[in-house]
Amino acid sequence: MKVTVIGLGYLGATHAVAMAELGHEVIGIEPDSQKLSSLAQGILPFHEPGLDAALPRAISSGRLKFQSEHNEASASADLHFICVGTPQTKGSDAADTSYVVAAAKELAAWIKPTAVVAGKSTVPVGTAANLKDVMDDIAGFDVHLAWNPEFLREGTALEDSLRPDRIVVGTWSQHSVDVLREVYGPIIATGTPFLELDVPTAELVKVSANAFLATKISFINAMAEVAEVSGADAVSLAKAIGYDDRIGSKFLRTGIGFGGGCLPKDIRGFVARAEELGVGSAVEFLKDVDAVNLRRRDKVVELANQELGDLAGKSITMLGISFKPDSDDLRDSPALEIAQRLTALGATVTVHDPVSLNSLATRSPELSREENLIEAARGAELTILGTEWKLYREVDPQELAAVVKAKTIIDGRNVLDVAKWQAADWRVIALGRNVHNG
Ligand SMILES: NC(=O)c1ccc[n+]([C@@H]2O[C@H](COP(=O)([O-])OP(=O)(O)OC[C@H]3O[C@@H](n4cnc5c(N)ncnc54)[C@H](O)[C@@H]3O)[C@@H](O)[C@H]2O)c1
C-alpha cells in the first residue's frame, strides 16, 4: 500500500520504518529540517536499538522516502498515519493537541476522498470527533478518519511495532476498517488480535493503559514509602505479591519512578480531560499516582542531603540519565530532574550515560558529562544509579571503589547486587529497602 507517516519523532520514525519493512511504500513527512535531513541520510536522530540498522535498509529498498510537507506524491497515498506529538500544555496539565490539529488541517487540503487517516498520537477522548469536523470542512467531503493508538515502548520500539500484543482501531466507516486490516495484514496473519472499536474507546484505550501502568508503578512505590519507615523490604514485598498471577510481577519494581514522554503527561492529560467532561472525581486518584511518583525524586534529594549535609561544592556522580535504559529520551526523566535539583543545591553533578550525553548537552548543559565510567566516578562523594542500564549492573564495584572519594551509592532502581557491592566495601542505600550496611 502507499502510505504517509506524518511526524517523524520516536513514534513516527519507527512506524515509517515498520511500514516499509512490511512491504508498503512509505513517505515520511517531517517539518523539522535537521531531523528530516538526518533521517534522509539513514541516520536515526535518536537512540533506538534495531531501528538504527533498519532505517538505512528501508531507504535502500526504495520503499521509504522523506519530504517536509505534502505534495502530489503524498496526496496520492491510500492511508495517512498522524504521528505528531501531544505534549503537556505549558502552564496546564492538559494535553496540547495543537500539533495534531495543524497536521490534520494540512493533510485535509491534499487528501483524496478514498484515503483513510489513522491517528496514532495519544489524544484526549473526543479529539478525533473534532478533527473530523475540521477535516471534512477543509476537504469538502466525508473524510475516513480512524484512531489507531500505538503501544510501542522506547528501547524495543521496532520489535513492538512489528510484533505488537494487539492492534486497536476505532473507526466510523467499514472502508477504514478494511484499509487498516490490509495495511496490518502481515501482522494480523501471525495471529495478532485486531480489535475493531468505536472511536472514543480507541482513544481511551491508550490513556487508560498508561494510567494503569503508572498506577502499578506508583502502587509499589507507595508500599516502598511504608517499607522505609517500618523496616520492611519493598523489593521482597513486590516479589511476594507478584507471584499472584492476578497481580503479576511486571512494572512492580520500586525505585525513582516513571518518566519519559508518555506516562507523566498522559495521566495528567487524562485527569484534565475527565475534569472537562465533568467526571474528574473518577480519575482523581491519578493525581496521587503522580504525587507518589514525584515524591520518589524528593526522596533521593533528601537522602543526598542526609549523606552529605550541605551540598554546596560536593561531588556527585549520576550513573544513567535517560528515563529508561536503551533510550536517550530525557523527557521528564527522573534521573535528570534529580541531577538538576542537586546541582541547584550547589553540588557538582557528573553524569555518565552510554548514549544520552549528546542530548544532555542540549537539554541541560549545566551538568558535567563524562563518557568514561571510571572517570565519571573519580572523586565522587556520592554515587547515584539513575537509570538501570545493564552496564551498571555488571560494573565491578571494586574498580569504582578505587576511584571514588566516598563509597556510598544510592541504587535508584533496585538493580544492584547489594551483597557484591557491600563486599567491595560500599554502603548501599536502596529505595524502599532496609539494607543493613556493616
Ligand atoms: N514515544 C513513545 O514511546 C510513544 C509511544 C506511543 C505513543 N506515543 C505518542 O505518539 C505521539 C508522538 O510521540 P513522539 O514521542 O514520537 O513525539 P516526538 O516529539 O518525538 O515527535 C513528534 C514529531 O512530529 C513532528 N511534527 C509536529 N508538527 C507536525 C506537522 N504539522 N506535520 C508533520 N510533523 C509534525 C515534530 O517535528 C516531531 O518530529 C504522542 O502523542 C505520544 O504520546 C509515543
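What you are looking at is a predicted structure, and each value in this text was computed from that prediction instead of being measured.

What counts and how
- Residues numbered from 1 in each chain as written.
- Predicted model: local features only at pLDDT ≥ 70, side-chain atom pairs only at ≥ 80, totals over all residues.
- Heavy atoms only, no water.
- Core = buried A, V, L, I, M, F, W, Y, C linked by side-chain atoms within 4.5 Å.
- Buried < 20%, exposed > 50% of the residue type's maximum accessible area, 1.4 Å probe, protein only.
- Helix = DSSP H or I, 4+ residues; strand = E, 2+ residues; numbered from the N terminus.
- Contact = heavy atoms within 4.5 Å.
- Near = heavy atom within 4 Å.
- Polar contact = N/O pair within 3.5 Å; in protein donor to acceptor, adjacent residues only side chain to side chain.
- Areas by Shrake-Rupley, 256 points an atom, 1.4 Å probe, with all protein chains shown as cover.
- Domains from an automatic or database assignment.
- Axes fitted to C-alpha atoms, helices over the stretch in contact; angles between N-to-C directions.
- Parallel < 35°, antiparallel > 145°, perpendicular 65-115°, else oblique.
- Left-handed = near helix turned anticlockwise from the far one by under 90°.
- Disulfide = S-S within 2.5 Å.
- Buried area = accessible area lost by both parts, 1.4 Å probe.
- Salt bridge = Lys/Arg side-chain N within 4 Å of Asp/Glu carboxyl O.
- Pairing = 2+ DSSP bridges.
- Right-handed = clockwise from strand over helix to strand, strands pointing away.
- Nonpolar A, V, L, I, M, F, W, Y, C, P; charged D, E, K, R; others polar.

S.K.: Sorry, what's going on with the nonpolar core here?
M.R.: Nonpolar side chains in soluble globular proteins generally cluster together in the buried interior. The biggest cluster of nonpolar side chains holds 41 residues, and the ones touching the most others in it are L64, L79, F81, L180 and Y184. Take this core: its biggest share by element is eight residues, from helix α1 (residues 10–21). For L180, the residues in contact, after removing those within four places along its chain, are L79, F81, A118, A146, N148, V169, T171 and F194. The next biggest cluster of nonpolar side chains, apart from the first, holds 27 residues, and it includes I256, I316, L360 and L431.

S.K.: Which parts of the structure should I look at to understand the site of the ligand?
M.R.: The immediate surroundings of the ligand are formed by 26 residues, with L11, E30, K35, T86 and K265 found nearest. Within the backbone of T122, an N or O atom sits 2.9 Å from an oxygen atom of the ligand. If the ligand stood free it would expose 830 Å²; the protein chains cover 88% of that surface. Ranked by residues supplied to the shell around the ligand, first place goes to helix α5 (residues 98–108) with three residues. Counting only domains with at least three residues in the shell around the ligand, you end up with domain 1 (2–196) and domain 2 (198–438).

S.K.: I'm lost on the packing of helix α10 (residues 199–230) against helix α12 (residues 263–276) in this one. Help?
M.R.: Describing two packed helices takes the angle between their axes plus the distance from one axis to the other. At their nearest, the axes of α10 and α12 sit 9 Å apart, and the two run at 115 degrees to each other. In terms of their interaxial angle, α10 and α12 are classed as roughly perpendicular. Viewed along their axes, α10 and α12 form a crossing whose handedness is left-handed. Taken together, the residues of α12 that come into contact with α10 (itself represented by L204, V207, S208, N210, A211, A214 and I217) are L263, D266, I267 and F270.

S.K.: What's the story with the state of the cysteines in this structure? I'm lost.
M.R.: Joining two cysteines, a disulfide is a covalent bond between their sulfur atoms. Summed over the entire model, instances satisfying the criterion amount to zero disulfides. The thiol of C83 is not disulfide-bonded; the next cysteine sulfur, from C262, is found 12 Å away. Residue C262 is classed as partly exposed on the basis of its relative accessible area, which comes to 33%.

S.K.: Explain the domain arrangement of the protein chain to me, please; I cannot follow it from the model alone.
M.R.: How big an interface is tends to be stated in terms of accessible area lost as the parts join. Examined at the domain level, the protein chain breaks down into domain 1 (2–196) and domain 2 (198–438). Taking the mean C-alpha position of each, domain 1 and domain 2 sit 31 Å from one another. Taken together, the contacts link 31 residues of domain 1 with 26 residues of domain 2. Each partner contributes to the roughly 2300 Å² buried at the junction of domain 1 and domain 2, and carbon and sulfur atoms together form 61% of this total. A per-residue breakdown of the area domain 1 buries against domain 2 is headed by H47, V125 and E154, which together make up 29% of the total. Across the domain 1-domain 2 interface, the total number found is one salt bridge. Note that R331 and E154 form a salt bridge whose closest N and O atoms lie 3.4 Å from each other. One can count 13 residue pairs in polar contact (both at pLDDT 80 or more) joining domain 1 with domain 2. It is strand β7 (residues 167–171) that provides the largest number of residues to the side of domain 1 that touches domain 2, a total of four residues.

S.K.: Teacher, can you tell me more about the pairing of strand β9 (residues 315–319) here?
M.R.: Within a regular strand, the side chains alternate between the two sheet faces. Of all the five residues making up β9, four are buried; the element is thus mostly covered by neighbouring parts of the structure. As judged from the five bridges shared by β9 and strand β10 (residues 348–352), these two strands associate in the parallel manner. Of the residues in β10, the one forming a bridge with M318 is V351. For the crossover that starts at β9, traverses helix α14 (residues 334–344) and ends in the parallel β10, the hand is right-handed. Pairing between β9 and strand β12 (residues 382–385): four bridges, direction parallel. For M318, the partnering residue across the bridge sits in β12 and is I384.

S.K.: Is there a simple way to explain the packing of α12 against helix α13 (residues 285–308) in this structure?
M.R.: In contact at an axis separation of 9 Å, α12 and α13 are set at 155 degrees when each is read in the N-to-C sense. The angle between the axes of α12 and α13 places the two elements in the roughly antiparallel class. Pair α12 / α13 crosses with left-handed handedness. Taken together, the residues of α13 that come into contact with α12 (itself represented by I267, R268, F270, V271 and E275) are L286, K287, V289, D290 and L294. Grouping the constituent residues of the contact of α12 with α13 by class yields six nonpolar, no polar and four charged.

S.K.: I keep staring at the pattern of salt bridges and nothing clicks. Help me out?
M.R.: Between side chains of opposite charge, pairing is possible as soon as their charged atoms come close. Summed over the entire model, instances satisfying the criterion amount to 32 salt bridges. Residue E228 pairs with K299 through a salt bridge whose shortest N-O separation is 3.5 Å. Of the two residues, E228 sits in helix α10 while K299 sits in helix α13, which places them 71 residues apart along the sequence. Looking at E228, the relative accessible area reads 26%, which means it is partly exposed. D290 is the partner of R268 in a salt bridge, and the nearest nitrogen-oxygen pair spans 2.7 Å. A residue pair is termed long-range when its members are at least 10 positions apart, and R268 in helix α12 and D290 in helix α13 qualify at 22 residues. Grouping residues by exposure puts R268 and D290 together as buried.

S.K.: Whenever I open this one, the side chain of S364 confuses me. Can you help?
M.R.: Its location among the elements puts S364 in the loop between α15 (357–363) and β11 (368–369). Among the polar contacts listed, one links the side chain of S364 to the side chain of Q340, at a separation of 3.0 Å. Setting aside its immediate chain neighbours within four residues, S364 contacts L336 and Q340.

S.K.: Just to check I follow, could you spell out the sheet that holds β7 for this structure?
M.R.: One key point about sheets: their strands pair by backbone hydrogen bonds, in either a parallel or an antiparallel sense. Spatial ordering of the open sheet is given by β3-β2-β1-β4-β5-β6-β7-β8, a layout of eight strands whose pairing is mixed. Pairing within the sheet leaves two strands with one partner each, and these edge strands are β3 (64–67) and β8 (194–197). Neighbouring strand axes in the sheet, compared pairwise and without regard to direction, differ in orientation by 25 degrees on average. The pairing of strand β6 (residues 144–147) with β7 spans two bridges and is antiparallel. Counterpart to W147 in the pairing with β7 is G170. Docked against the sheet, helix α6 (residues 127–139) engages β5 (116–119) and β6, running at close to 160 degrees with respect to β6.

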